[in-house]
Amino acid sequence: MSDLAKRIIPCLDIVNGNVAKGIKFEAVKAIGDPIELAVYYQNEGADELVFYDINATVEMRSTFINLVERIAETIKIPFTVGGGIRTVDDIYNALLSGADKVSVNSAAILNPEIIYQGAKRFGNQCMVASMDVRKLGEEYFVYTHGGKNRTTYNAIDWAKRCETLGAGELVINAIDQDGVKKGYDLALMQQIREVVNIPIIASGGAGNMKDFEDLFELDAADGAIAASIFHYKTLAIPSLKSRLSRSGIVIREVM
Amino acid sequence: MIIGIVNYGLGNIRSIKNALSEYKVILVDNEESLLTVDVLILPGVGAFGFAMENLRSLGLVDAIRGFAKSGKRLIGICLGMQLLYESSFEHGEFEGLGILKGKVIELPNTEVIPHMGWNRLTVAQPSEGLYTNQYMYFVHSYYVVEEDENQIVASTFYGAKIPAIVKKDNIIGFQGHPEKSGNEGQQWLKMAVEGKL
């Protein structure tokens, strides 16, 4: 039995330099200053943070990169950046700005080589393959562009392919669960778990403490991403962590 | 005190520099600048063979070996710690700096790899600010088989006993990332820099 702690990862969607959270990727609502929120979560005991550049237009790119530099100067825990990563140069710029990991999503669907090239050049530990997944009938499919476009990729096969290409971690975002607080898609995580041997981070659906507990008790993922329940203070990280710890899940509690 | 961080390509240099913002820190990419520092930090991410090749092309391999012999503090972080050892079996077999005795091998494949996240420390040689049950942030797929058990200051468990902090005289290695391990991690890094570990 390993003592590696399950990770609690708040996700900060960035729109025009501010934190926002959409429900099912729509109705984006401004929440606050990213640096303030990042420090707050770090002090609360977040294990990592994720920052997604939501609009990611060319002209907003430098604003985001500037924000990444400020985050790196401020926080003392690892963080991942994603959104708008299209080329190996984008990966390089994000890492150079101080990000520990870079998450690629749509770009990997259009050009899977980006994972291979990024892993070869910077190491697989910093390449996160993120996928938006939706169930259609009995099958899970990968979607792009914030869940708008369905691809032909079966999510389980795609997860395996990302590992083969050199991804060091997977973020599985169940779109149907996103923002609706019905719990993580455990069946999806477990199916992916069976075919890969890299860390899996579950995203989409966390509504209460039990959702995290269910995910980790099944060992369906190594970490859990959540946004709105933390941003709206429905759930505080210290109390979530102490509950998980009491349930026998290995968790890092910050004193 | 001047701290030098070896700059030989892309590493987590910015984070280490940020963690040591109260000190005078310079980047070192040649022997001349290496000779001006009091403490040398060898960071690193990526592949072992590639890293050694970069150090060689900058003419730093013998310079770092010489620095280690001088008695000044040399601190390796993550891949930087692994480079201090004799050899690595990451994608082939590569010669390391050979400052510490031991080899670098793949983590047991019974575990999810990379070993990524916060893992608990078992501290064999505690000091103020470093004790058992603290957590360190790790990101690696290979680990050091340390020949001398007495040099393991702290270890963690991930399918095998993983040396997390090693120390031999003026040489210190962190397998995890102190600069990313919150307030406690920053404290360990300062302790290492000041010779209090």
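Everything below is about the structure printed above this text.
The residue numbers shown here count from 1 along each chain, following its written sequence. Each chain takes a letter, starting from A, and each ligand takes a number, starting from 1, following the order in which they are written. The predicted nature of this model means local features are confined to residues of pLDDT at least 70 and side-chain atom pairs, given and counted, to a pLDDT of 80 or more, with totals for whole chains, interfaces and linings taken over all residues. In computing side-chain properties, one takes all heavy atoms of the structure into account and sets aside hydrogens as well as water.

A.B. asks: In this structure, what is going on with the overall build of chain B? I would like to understand it.
C.D. replies: Counting from the N terminus, the helices are the DSSP runs of H or I reaching at least four residues and the strands are the DSSP runs of E reaching at least two. Tallying secondary structure elements over chain B gives six helices and 14 strands in all. Note that the radius of gyration is over C-alpha atoms, with the globule rule given as 2.2 Å times the number of residues to the power 0.38. Relative to the 2.2 N^0.38 estimate, which gives 16 Å for 197 residues, the radius of gyration of chain B is 15 Å and therefore close to what a compact globule would have. Type-normalised accessible area, obtained with a 1.4 Å probe on protein chains alone, sets the label of each residue: buried when under 20%, exposed when over 50%, and partly exposed for intermediate values. Taking all 197 residues of chain B together, 59% fall into the buried category. Surface exposure here means Shrake-Rupley accessible area, sampled with a 1.4 Å probe, where a residue is shielded only by the protein chains that are shown. Summed over its atoms, the accessible surface of chain B is roughly 7600 Å², and 47% of this surface lies on carbon and sulfur atoms. Between the averaged position of the 17 positive side-chain charges in chain B and that of its 22 negative side-chain charges there is a distance of 5 Å. Here Asp and Glu are counted as negative and Lys and Arg as positive; His is not counted, and neither are the chain ends. Taken as the charge centre is NZ of Lys, CZ of Arg, CG of Asp or CD of Glu, depending on the residue.

A.B. asks: Would you mind showing me how to read the packing of aromatic side chains here?
C.D. replies: Pairs of aromatic rings are described using the distance from one ring centre to the other and the angle between the two planes. Residue and element names in this part refer to chain A. Ring pairs shown here join Phe, Tyr and Trp side chains whose ring centres sit within 6.5 Å, with only the six-membered ring taken for Trp; geometry is labelled stacked below 30 degrees between planes, edge-to-face above 60, and tilted in between. Counted under the stated rule, the structure contains eight aromatic pairs over all chains. Considering the side-chain rings of Tyr184 and Phe212, the 5.7 Å spacing of their centres and the 75° angle between planes classify their relative orientation as edge-to-face. Highlighted residues: Tyr184 in the loop between strand 10 (169-174) and helix 7 (186-195) and Phe212 in helix 8 (residues 209-217), separated in sequence by 28 residues. Classification of Tyr184 by relative accessible area gives buried; the value is 6%. Here the aromatic cluster, defined as three or more aromatic residues joined through ring pairs, consists of Tyr40, Tyr41, Tyr184, Phe212 and Phe230. The ring of Tyr143 has Arg134 lying over it, and the distance from NZ or CZ to the ring centre is 5.3 Å. Note on geometry: a ring has a charge over it if NZ (lysine) or CZ (arginine) is within 6 Å of the ring centre and within 35 degrees of the ring normal.

A.B. asks: For this particular structure, what's the right way to read empty space enclosed by the protein?
C.D. replies: If you roll a probe as big as a water molecule over the atoms, it shows you where there is empty space left. Residues and elements named next belong to chain A. Residues are said to line a cavity or pocket when one of their atoms sits within 4 Å of a point; the points come from a 1 Å grid over protein atoms alone, cavities being sets where a 1.4 Å probe fits but cannot get out and pockets being open sets with protein on both sides within 12 Å along at least five of seven lines. Grid points are joined across faces, edges and corners, and a volume is the space filled by probe spheres set on the points. According to the stated counting rule, one finds two cavities of 30 Å³ or more in the structure shown. Here the largest cavity defines a volume of roughly 50 Å³. Taken together, Ile9, Glu48, Val50, Tyr52, Thr80, Ser103, Val128, Glu169, Val171, Ile201 and Ile225 form the lining of the largest cavity. Mapped onto the lining of the largest cavity, the elements with two or more residues apiece are strand 4 (49-53) and strand 10. Classification convention: Asp, Glu, Lys, Arg as charged; Ala, Val, Leu, Ile, Met, Phe, Trp, Tyr, Cys, Pro as nonpolar; all other residues, Gly among them, as polar. Here the residues of the lining of the largest cavity sort into seven nonpolar, two polar and two charged.

A.B. asks: I keep staring at the packing of helix 3 (residues 88-96) of chain A against helix 5 (residues 113-122) of chain A and nothing clicks. Help me out?
C.D. replies: The relative placement of two packed helices comes down to the angle between their axes together with the axis-to-axis distance. Residues and elements named next belong to chain A. Axes here mean lines fitted to C-alpha atoms, for a helix over just the part in contact, with angles spanning 0 to 180 degrees between N-to-C directions. Packing of helix 3 against helix 5 brings their axes to within 9 Å, and their N-to-C directions diverge by 45°. Classified by the interaxial angle, the pair formed by helix 3 and helix 5 is oblique. Relative to helix 5, helix 3 is oriented so that their crossing is right-handed. Of the residues in helix 5, those touching helix 3 at Val88, Asp89, Ile91, Tyr92 and Leu95 are Ile114, Gln117, Gly118, Arg121 and Phe122. Throughout, the term roughly parallel applies to angles under 35 degrees, roughly antiparallel to angles over 145, roughly perpendicular to angles from 65 to 115, and oblique to all others. Each helix crossing is assigned a hand: it is left-handed if the near helix lies turned anticlockwise from the far helix by less than a right angle, otherwise right-handed if that turn is clockwise. Only heavy atoms matter for contacts: two residues are in contact if any of them lie within 4.5 Å across the pair.

A.B. asks: Whenever I open this one, the interface of chain A and chain B confuses me. Can you help?
C.D. replies: The accessible area lost on association of the parts is a frequent measure of interface size. Opposite the 35 residues of chain A that make contact, chain B presents 28 residues. Taken together, both faces of the contact between chain A and chain B bury some 2700 Å²; the carbon and sulfur share is 56%. Buried area counts how much accessible surface, traced with a 1.4 Å probe, disappears from two parts once they are put together, with both parts' losses summed. When the buried area of chain A at its contact with chain B is split by residue, Asp3(A), Leu4(A) and Lys76(A) rank highest and sum to 25% of it. By convention in these notes, a salt bridge is any Lys or Arg side-chain nitrogen within 4 Å of a carboxyl oxygen on Asp or Glu. The closest approach of N and O atoms between Glu69(A) and Arg14(B), which form a salt bridge, is 4.0 Å. Mapped by element, the contributors of at least two residues to the side of chain A that touches chain B are helix 2 (58-74) and helix 3 of chain A.

A.B. asks: Hey, could you run me through helix 5 of chain A in this one?
C.D. replies: Note that an α-helix has 3.6 residues per turn; residues three or four places apart therefore point the same way. All names here are of chain A. Residues Ile114, Ile115, Gly118, Ala119 and Phe122 constitute the buried set of helix 5. The buried residues of helix 5 all sit within an arc of 125° when viewed along its axis, so they share a single face. Lining the buried residues of helix 5 we find helix 3, strand 6 (101-104), helix 4 (106-110), strand 7 (127-136) and helix 6 (155-165). The first or second residue beyond helix 5 is Gly123, which carries a positive phi of 95°. It is the directions from the helix axis to the C-beta atoms whose arc is reported.

A.B. asks: Whenever I open this one, the environment of Tyr131(B) confuses me. Can you help?
C.D. replies: In this fold, Tyr131(B) is placed in the loop between strand 9 (122-123) and strand 10 (135-140). When neighbours within four sequence positions are excluded, Tyr131(B) is seen to be in contact with Val123(B) and Glu184(B).

A.B. asks: Got a minute to help me understand unusual backbone geometry in this structure?
C.D. replies: It is generally the case that most residues other than glycine have a negative phi and that most peptide bonds are trans. Looking along the chain, the bond that leaves Ile113(B) and enters Pro114(B) is cis, with omega of 5°. Of note, Pro114(B) is situated in the loop between strand 7 (102-106) and strand 8 (115-120). Within the chain, Asp219(A) stands out as a residue other than glycine whose phi angle is a positive 55°. Non-glycine residue His91(B) carries a positive phi angle of around 50°.

It is worth stressing that arrangement in space is one thing and function is another; only the former is reported here.
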